[in-house]
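Listed below are the residues making up each chain.
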Amino acid sequence: MFAILVGGTDIEFNLATLQATIPYNYYVSILLGLAGMKAILIAMFYQHLKYEPRSLSSWVIIGLVIASLLMSLSFLQLHGH
Amino acid sequence: MAVSNTQVIFDNLYGIFTYLAVIVGVIVFALMAYLIIRYRATKSSSDPEDTPRLGRIPTSRGHGRNVLITVTLSTFLLAVLIITSFAAVDTLFPNSPPNATWCYGIATYNQTQVAGQSCPRLDVTGHQFYWVFRYPNNHADTNIFRVPVNTTVVLDVTSADVFHDFGIIQFKIKTDAIQGRTNTIWFVPYQIENYTIQCFELCGSGHAGMIARLQVMRASDFQSWYSGTK
Amino acid sequence: MSQDIFPPRVRRWLFTTNHKEVGILYLVTALFFFIAAGLLALTVRTQLSVPDNNVLNADLYNQFVTVHGLLMIFWVLSPFAFGFANYIIPLQIGARDLAFPRLNAMSYWFYLFSGVAIIMSFIFGAPDLGWTLYSPQTSFQFTPAIGLNVGAAALILITVSITMSSVNFLVTVFKMRAPGMKLRNMPVFPWAILVTIFMMLYAFPSFLAAVLLLYVDRAFGTFYFSSIQGGALLWDNVFWFFGHPEVYIVLFPAIGLIADVIPTFARRPLYGSKYIIGSMIAAAIISFIVWGHHMFVTGIGLTSTKLYTVTTIAVSLPFDVMVIAMIETLIKARVKLKAAALFALGAIALFVIGGITGVYLASVALDHALRGTYFVVAHFHYIMVGGSIMGLIAGLYYWFPKFTGRMYNETVAKIHFGVSFIGFNILYFPMFLLLDMPRRIQTYTADTGWGPLNSLATLGGFIFGGAQVLLFLNLVVSQRRGPPSGPNPWDAWTLEWSLPSPVPAHDFDTIPTIAEDGTYRFGNGSSYPNGSAHSGDSKVGNGLAYSHLEGMSPWPIVMAFAAFLFFLGLSIGQPSSPTPVSYKPFWPLIADGAILGVISLYGYSRERFSGHEESHVESWPFREVPNVKLGIWTFLGAEVIFFGVLIGAYFFVRTNSATWPAVGELFSIRNGFAMTLVLLTSSLTAIMALASAKIGSRNGLIAGLLATFGLGASFLYIKATEWIELGTHGVFSVASGLPATSYFITTGTHGVHVVAGMCMTVYLLANTVRGRYIKGDYHAIEHFGLYWHFVDIVWVFLFPLFYLI
């Protein structure tokens with residue numbers, strides 16, 4: 001697990017040094033995707049969510065879904081005018 | 001009496017809303033009053049069979065069908081309100097503002113008029129605690145805004161300092177004045193009259209005094225005034 | 001010890017953690033603030049009663065209007081509701097107290113001290129830009145007075161109070177219900193509180209972030225709200241994202257209350273109760289996607305405004321269902337118009353008017369005329385006073401016999417209703433007709449024609465305000481001399497009415513059970529009313545003897561006072577000189593607060609205090625999740641929103657900036673990389689510590705904790721060197737531009753969380769040395785881990801967001 005996390009970070013670091021060669025949008029998406037993946041891994045394994053009762057993990061997931069919906073709404077506003 | 005196009009749009013929409021609001025309100029209040037009076041407790045009446053009493057959870061009561069009816073009827077009504085609102089706002093704030101025609105008749109803008117193009121927009125800037133109106137010839141007035149009657153006026157509104165709101169009271173139109181942003185509004189005045197412009201967002205201690213006059217002039221009077229400014 | 005300093009009566013109220021007493025404290029304090037805010041309003045109305053008046057000058061007027069709004073929304077409406085919730089909810093669900101009683105008391109004292117702070121702000125010039133505190137007029141440049149800082153401190157304190165309460169009630173309602181008290185068997189009031197709590201949990205962190213950023217702008221000269229890239233719209237978004245759910249937060253408890261009062265006095269079950277509850281949940285969820293209707297004329301574009309029109313108009317649908325269902329309860333009923341019923345029904349009527357006019361304001365087209373006018377003022381007062389306050393007063397009359405054991409005077413109460421209802425409409429209805437008049441102006445000229453309606457409204461204000469005297473007289477006198485009410489004067493069905501009035505200290509002798517057929521069973525297996533919920537003498541079954549002295553703790557009030565001093569110190573410093581650009585903190589108070597805070601944290605943790613945990617409880621859906629763990633995950637949810645808003649603010653200002661430093665130009669990517677690795681490793685060591693605790697290896701646990709602490713320290717060390725280097729190198733300090741601002745504040749907040757985590761490791765280490773946490777007692781380590789890994793996750797996002805893009 002730890003190895004995966006460190007590996008992911010290493011990829012991010014290297015990606016940054018190559019930043020000029022990648023279209024910016026893809027670059028940001030990949031980085032955020034990697035970050036998200038690391039976050040999910042930490043939550044599932046370190047915080048033990050994978051092993052917790054369903055109720056708790058659903059709780060967390062629902063909250064996160066709602067939070068992401070809200071972020072999207074705000075982005076709509078930022079790029080809408 | 002119609003004083004501007006924006007006021008007419010507002011009055012019509014407000015009228016629709018109020019018509020429906022009164023109907024709904026009357027129905028709801030009448031229903032409440034009827035039920036309270038009809039089913040009020042009297043000495044001779046006794047508690048209904050399913051009165052909730054201490055010792056057990058009350059029985060569940062109510063048809064989903066009623067809820068469905070309520071929701072469906074409400075949705076229709078609300079849809080009407082949404083559709084009429086969208087129509088109104090599409091007129092008030094089209095994707096690109098209509099052609100401004102306030103400058104037609106002024107010598108410098110003869111070409112513009114002939115080509116059917118839009119006059120430049122007029123700039124409105126809010127300050128603590130006054131309004132500045134700037135014309136394309138760089139003439140600026142403080143707290144008095146002159147425009148010709150029956151022409152289309154398009155304004156760019158912004159602020160030099162804090163968050164103000166530019167509202168022409170009788171025209172039922174306003175927009176926020178925010179530093180670093182420009183908000184565009186437009187109107188067509190119908191009467192030769194003076195109107196009130198006021199700030200509608202608390203901007204500091206002088207907020208209540210942030211009042212300007214909108215002076216709608218006869219077209220010829222406006223043109224001669226404009227030509228005389230520098 | 002400290003217990004001997006105060007006489008027993010004072011001590012009882014200062015140190016209690018009993019939910020009933022905390023509830024009474026909330027109610028009395030909220031009513032006090034209600035009077036204060038009401039007097040402010042009456043002064044304002046007097047000023048506005050005639051044109052060109054000068055009872056209040058502009059400055060005082062703006063302060064009065066602002067503090068009136070702040071007090072009513074934060075210090076009256078919610079605390080009033082939660083006073084009831086504290087007293088009644090454990091009784092209604094068959095629990096002995098809240099999940100975390102000391103936390104509950106602490107919530108109250110934070111609330112009280114925050115109220116002291118906001119009142120104190122008048123000394124320094126109270127906040128005067130409306131309760132909505134729009135930017136950039138709130139920035140240092142335009143409002144140098146420190147009263148606004150004090151107001152911000154008060155708001156932060158009350159947010160902390162509310163967050164603690166939210167976690168507490170959530171765990172209580174989910175995990176401490178009596179056997180058989182399934183969620184669907186609960187009355188509507190606990191449901192309403194539950195829904196309110198969810199909204200609080202996810203809305204207030206946004207407010208906290210907003211106030212924090214405002215404070216940082218003012219105190220350190222950062223640029224979130226004083227720049228063009230952030231400024232008015234950043235505040236608008238961040239504030240109203242909280243602000244709209246907030247106005248539902250202050251409304252829903254009253255609706256829940258009304259939904260329970262009406263069936264009692266209609267003598268029939270509530271019509272469509274599950275639809276009412278479903279509608280509340282729907283409205284709560286939708287409330288998070290309507291905030292843009294406060295920004296209809298800011299120029300955010302038709303796509304957004306049309307979307308918000310649809311969502312805002314849609315949110316009226318659940319309220320339709322609720323109102324119709326409550327009215328349908330009256331069909332074939334037997335309506336007894338006691339005071340509580342009058343206020344409940346009156347509240348519904350006024351709420352309908354408020355709701356209908358809300359639909360007007362939901363239309364983006366109409367809003368272009370109505371924004372910032374008295375139409376808006378009328379709308380929200382119909383909801384907040386007509387709906388919420390009237391509903392809460394209904395609750396006051398309803399539960400007064402339960403709290404005091406005495407009955408109030410019914411005739412005076414009915415007069416109170418009549419005068420209030422009439423006065424209310426005379427006060428607020430004219431404001432709809434004043435739809436041309438701007439808000440928050442201290443005077444107007446006679447030629448506007450607004451004079452007569454304003455005079456009428458002021459008259460109504462005095463009638464409405466004066467009527468409340470009847471309320472207070474009635475309750476105060478009846479409390480001493482009213483006739484005994486007995487346990488169930490209304491013949492109601494909810495569990496609190498099975499207990500004597502006033503409710504004894506220990507609540508239930510034995511926790512009741514709800515059987516499959518819905519009947520209550522008490523103690524000896526018999527059902528009410530044949531079984532009794534209260535044995536005549538004070539001896540209690542189950543050995544759960546409970547006196548007032550048990551369950552008292554001085555730490556909640558001490559801790560709250562410490563926080564009060566701390567935040568006050570942060571806010572009353574004088575502007576820096578010679579060129580004022582920020583404030584100097586007032587170190588003496590900050591230091592006092594911090595020291596007292598540390599002492600009280602220590603005392604709190606060392607105190608022997610056991611919460612009441614019954615063995616058989618209803619706890620769906622969190623059956624297998626322990627209370628504290630549920631509490632921590634809930635708290636982490638709030639933290640997600642908090643950091644989400646901070647990161648969102650960063651995105652906002654960055655998107656609005658034409659230029660931004662390129663990758664690697666400002667921050668050393670290697671530093672960020674190192675910090676990420678360090679923090680990831682510290683999560684690993686935290687896991688190892690937990691594993692060691694579980695298998696009983698004390699040395700492993702100590703090693704793990706020490707390593708985590710050390711890695712946390714390394715993280716902070718790298719960050720410190722980085723900050724110093726940035727500071728000395730360029731003109732790169734907090735005040736030098738948005739890239740700097742957003743970086744320092746966001747990573748700084750994260751850093752504070754790291755420091756907090758390290759303090760926790762110290763505490764855990766100290767206890768480990770004492771022999772705790774081995775084998776079965778590992779939970780504290782697990783909970784620390786949950787928090788620590790969350791802090792790690794936040795950094796996992798901050799690293800790419802600040803260093804790599």
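Residues numbered from 1 in each chain as written. Chains lettered and ligands numbered in written order. Predicted model: local features only at pLDDT ≥ 70, side-chain atom pairs only at ≥ 80, totals over all residues. Heavy atoms only, no water.

Engineer: Tell me about the overall build of chain A, and name the residues and values.
Structural biologist: Tallying secondary structure elements over chain A gives 3 helices and 0 strands in all. Going from the N terminus to the C terminus, chain A shows its helices and strands as α-α-α. Scored against the burial criterion, the 81 residues of chain A give a buried share of 41%. Here the contacts in chain A between residues at least 6 apart in sequence split such that 47% fall between residues at least 24 apart. Entry remark: accessible area of chain A is about 4,400 Å², with carbon and sulfur atoms responsible for 72%. (Helix = DSSP H or I, 4+ residues; strand = E, 2+ residues; numbered from the N terminus. Buried < 20%, exposed > 50% of the residue type's maximum accessible area, 1.4 Å probe, protein only. Contact = heavy atoms within 4.5 Å. Areas by Shrake-Rupley, 256 points an atom, 1.4 Å probe, with all protein chains shown as cover.)

Engineer: Lay out the overall build of chain B in plain terms, naming residues and giving numbers.
Structural biologist: Looking only at helices and strands, one finds 4 helices and 10 strands in chain B. Against the globule reference of 17 Å for 230 residues, chain B gives a C-alpha radius of gyration of 27 Å, more extended than a compact globule. Scored against the burial criterion, the 230 residues of chain B give a buried share of 50%. Carbon and sulfur atoms make up 57% of the accessible area of chain B, which totals about 10,500 Å². Averaged over its 16 positive side-chain charges, chain B has a centre that lies 9 Å from the centre of its 14 negative ones. (Rg over C-alpha atoms; globule rule 2.2 N^0.38 Å. Lys, Arg positive; Asp, Glu negative; His and termini not counted. Charge placed at Lys NZ, Arg CZ, Asp CG, Glu CD.)

Engineer: Please give an account of the pairing of strand 2 (residues 130-134) of chain B that cites residues and values.
Structural biologist: Residue and element names in this part refer to chain B. Sheet analysis places strand 1 (residues 122-127) next to strand 2, joined by 5 bridges and oriented antiparallel. Its bridge partner being in strand 2, Asp123 is matched across the sheet by Arg134. Hairpin connection from strand 1 to strand 2: 2 residues lie between these consecutive antiparallel strands. One ladder, built from 3 bridges, connects strand 2 with strand 3 (residues 140-142); its direction is antiparallel. Its bridge partner lying in strand 3, Phe133 is registered against Asp141. Counting the residues in the hairpin turn of strand 2 and strand 3 gives 5 residues, including Asn138, whose phi is positive at 70°. (Pairing = 2+ DSSP bridges.)

Engineer: So what's going on with the packing of aromatic side chains? Residues and values would help.
Structural biologist: Here the structure, examined in full by the defined rule, presents 93 aromatic pairs over all chains. Residues Phe239 of chain C and Phe242 of chain C carry aromatic rings whose centres are separated by 6.0 Å and whose planes lie at 70° to one another, so their mutual orientation is edge-to-face. Taken together, the residues Phe239 of chain C and Phe242 of chain C, both in helix 7 (residues 231-249) and 3 residues apart, mark about one turn of the helix. With respect to burial, Phe239 of chain C and Phe242 of chain C carry one shared label: buried. Where Phe642 of chain C meets Phe643 of chain C, the ring centres are 5.6 Å apart and the plane angle is 75°; that geometry is what we call edge-to-face. Here Phe642 of chain C matches Phe643 of chain C in class, with each residue buried. Its guanidinium or amino end placed over the ring of Phe86 of chain B, Lys306 of chain C lies 5.0 Å from that ring's centre, counting from NZ or CZ. (Phe/Tyr/Trp six-rings, centres within 6.5 Å; stacked < 30°, edge-to-face > 60°. Lys NZ or Arg CZ within 6 Å of the ring centre and 35° of its normal.)

Engineer: Describe in detail the environment of Val469 of chain C, supporting the description with residues and values.
Structural biologist: Relative to the helices and strands, Val469 of chain C is located in helix 16 (residues 451-481). For Val469 of chain C, a relative accessible area of 48% puts it in the partly exposed group.

Engineer: Report on the state of the cysteines, specifying residues and quantitative values.
Structural biologist: Residue and element names in this part refer to chain B. Counted according to the given criterion, the structure contains 1 disulfide over all chains. The thiol of Cys199 is not disulfide-bonded; the next cysteine sulfur, from Cys203, is found 3.8 Å away. For Cys199, a relative accessible area of 0% puts it in the buried group. Since its relative accessible area comes to 0%, Cys203 is described here as buried. (Disulfide = S-S within 2.5 Å.)

Engineer: Talk me through the pairing of strand 10 (residues 211-217) of chain B; I want residue IDs and the actual numbers.
Structural biologist: Regular strands place side chains that alternate from one sheet face to the opposite one. Residues and elements named next belong to chain B. Counting buried residues along strand 10, 5 of its 7 residues qualify, which places the element largely inside the surrounding structure. The sheet contact formed by strand 4 (residues 144-148) and strand 10 spans 5 bridges and is parallel. Each residue of the ladder has a partner; that of Pro148, found in strand 10, is Met217.

Engineer: So, the confidence of the model for chain A: which residues are in play, and what are the values?
Structural biologist: For chain A, the average pLDDT comes to 73, and 80% of its residues sit at 70 or higher. Considering each helix and strand of chain A separately, the mean pLDDT is smallest for helix 3 (residues 54-79) of chain A, with a value of 72, and largest for helix 2 (residues 24-46) of chain A, with 80. (pLDDT = per-residue confidence, 0-100.)

Engineer: Could you give me a rundown of the confidence of the model for chain B, with the residues and numbers involved?
Structural biologist: In low-pLDDT segments, the atomic positions of the prediction should not be examined closely. All names here are of chain B. The predicted model of chain B has a mean per-residue pLDDT of 92, with 100% of residues at 70 or higher. Least confident of the elements in chain B is helix 3 (residues 110-115), whose mean pLDDT is 87; most confident is strand 2, at 97. Scoring the predicted complex yields pTM 0.91 and, for the interface, ipTM 0.95.

Engineer: Give a description of the pattern of salt bridges that names residues and reports values.
Structural biologist: Under the criterion given, the structure shown has 19 salt bridges over all chains. Among the ionic pairs, Arg53 of chain B bridges to Asp47 of chain B, the shortest N-O distance being 3.2 Å. Residues joined by salt bridges that share partners form a network here, namely Asp47 and Arg53 of chain B together with Arg267, Arg334 and Asp491 of chain C. (Salt bridge = Lys/Arg side-chain N within 4 Å of Asp/Glu carboxyl O.)

Engineer: Before we move on, could you go through a nonpolar patch on the surface and cite the residues and values that matter?
Structural biologist: Residue and element names in this part refer to chain A. A cluster of nonpolar residues, Ile61, Val65 and Leu69, forms a patch on the protein surface that exposes about 290 Å² of accessible area. The topology assignment puts Val65 in helix 3. According to the relative accessible area criterion, Val65 is partly exposed, its value standing at 45%. (Patch = residues over 30% accessible without salt bridge, like charges linked within 9 Å, V, L, I, M, F, W, Y side chains within 5 Å.)

Engineer: How would you explain the packing of helix 8 (residues 252-266) of chain C against helix 11 (residues 316-328) of chain C if you had to name every residue and give the values?
Structural biologist: Residue and element names in this part refer to chain C. Two numbers describe how helix 8 lies on helix 11: the axes approach to 10 Å, and their chain directions differ by 25°. Judged on the interaxial angle alone, helix 11 and helix 8 are roughly parallel. Once helix 8 is placed against helix 11, the crossing between them reads as left-handed. Contacts between helix 8 and helix 11 involve Phe252, Ile255, Ile258, Ala259 and Ile262 from the first element and Phe319, Met322 and Met326 from the second. In terms of residue class, the contact of helix 8 with helix 11 is made up of 8 nonpolar, no polar and no charged. (Axes fitted to C-alpha atoms, helices over the stretch in contact; angles between N-to-C directions. Parallel < 35°, antiparallel > 145°, perpendicular 65-115°, else oblique. Left-handed = near helix turned anticlockwise from the far one by under 90°. Nonpolar A, V, L, I, M, F, W, Y, C, P; charged D, E, K, R; others polar.)

Engineer: Any chance you could break down helix 9 (residues 273-286) of chain C for me, citing the residues and the numbers?
Structural biologist: Residues and elements named next belong to chain C. The end-to-end C-alpha distance of helix 9, which contains 14 residues, comes to 20 Å, matching closely the 20 Å that a straight helix rising 1.5 Å per residue would cover. Looking at helix 9, one finds that the buried residues are Ile276, Ile277, Ser279, Met280, Ala283 and Ala284. Along the axis of helix 9, the buried residues cluster in a sector spanning 160°; they form a single face. Opposite the packed face of helix 9, turned more than 90 degrees from it, sit the exposed residues Lys274 and Ile285. Those residues of helix 9 that are buried lie in contact with helix 6 (188-220), helix 7, helix 8 and helix 11. (Expected span 1.5 Å × (residues − 1). Arc of directions from axis to C-beta.)

Engineer: Please provide a residue-by-residue account of the sheet that holds strand 9 (residues 194-199) of chain B, values included.
Structural biologist: Residues and elements named next belong to chain B. Taken in spatial order, the 5 strands make up an open sheet running 4-10-9-6-7, and their pairing is mixed. At either end of the open sheet lies a strand with only one pairing partner, and these are strand 4 and strand 7 (173-177). Strand-to-strand twist in this sheet, taken as the mean axis angle between neighbours without regard to direction, amounts to 20°. Strands strand 4 and strand 10 of the sheet are contacted by helix 4 (residues 219-228), whose axis makes an angle of about 125° with strand 4.

Engineer: Describe the environment of Leu798 of chain C, naming the residues involved and giving the relevant values.
Structural biologist: All names here are of chain C. Here Leu798 is to be found in helix 23 (residues 779-804). Sequence separation between Leu798 and Leu601 is 197 residues, and the spatial gap between their C-alpha atoms is 30 Å. Setting aside anything within four residues of it in sequence, one finds Leu798 in contact with Ile647, Thr746, Thr747, His750 and Tyr803.

Engineer: So what about the environment of Asp156 of chain B? Which residues, and what values?
Structural biologist: Residues and elements named next belong to chain B. One can find Asp156 in strand 5 (residues 153-159). For Asp156, a relative accessible area of 14% corresponds to the buried category. Along the primary structure Asp156 and Thr182 are separated by 26 residues, whereas in three dimensions their C-alpha atoms are 5.8 Å apart. Each residue touching Asp156, except ones within four places of it in the same chain, is listed here: Arg121, Leu122, Asp123, Val124, Thr182, Asn183 and Thr184.

Engineer: So, the packing of helix 17 (residues 555-571) of chain C against helix 18 (residues 587-606) of chain C: which residues are in play, and what are the values?
Structural biologist: Residues and elements named next belong to chain C. Where helix 17 contacts helix 18, the axes come no closer than 7 Å and their chain directions differ by 155°. In terms of orientation, helix 17 and helix 18 fall into the roughly antiparallel class. Between helix 17 and helix 18 lies a crossing of left-handed hand. In contact with Trp555, Val558, Met559, Phe561, Ala562, Leu565, Phe566, Leu568, Gly569 and Leu570 of helix 17, helix 18 contributes Leu589, Ile590, Asp592, Gly593, Ala594, Leu596, Gly597, Ile599, Ser600, Leu601, Gly603 and Tyr604. Residues of the contact of helix 17 with helix 18, tallied by class, amount to 16 nonpolar, 5 polar and 1 charged.

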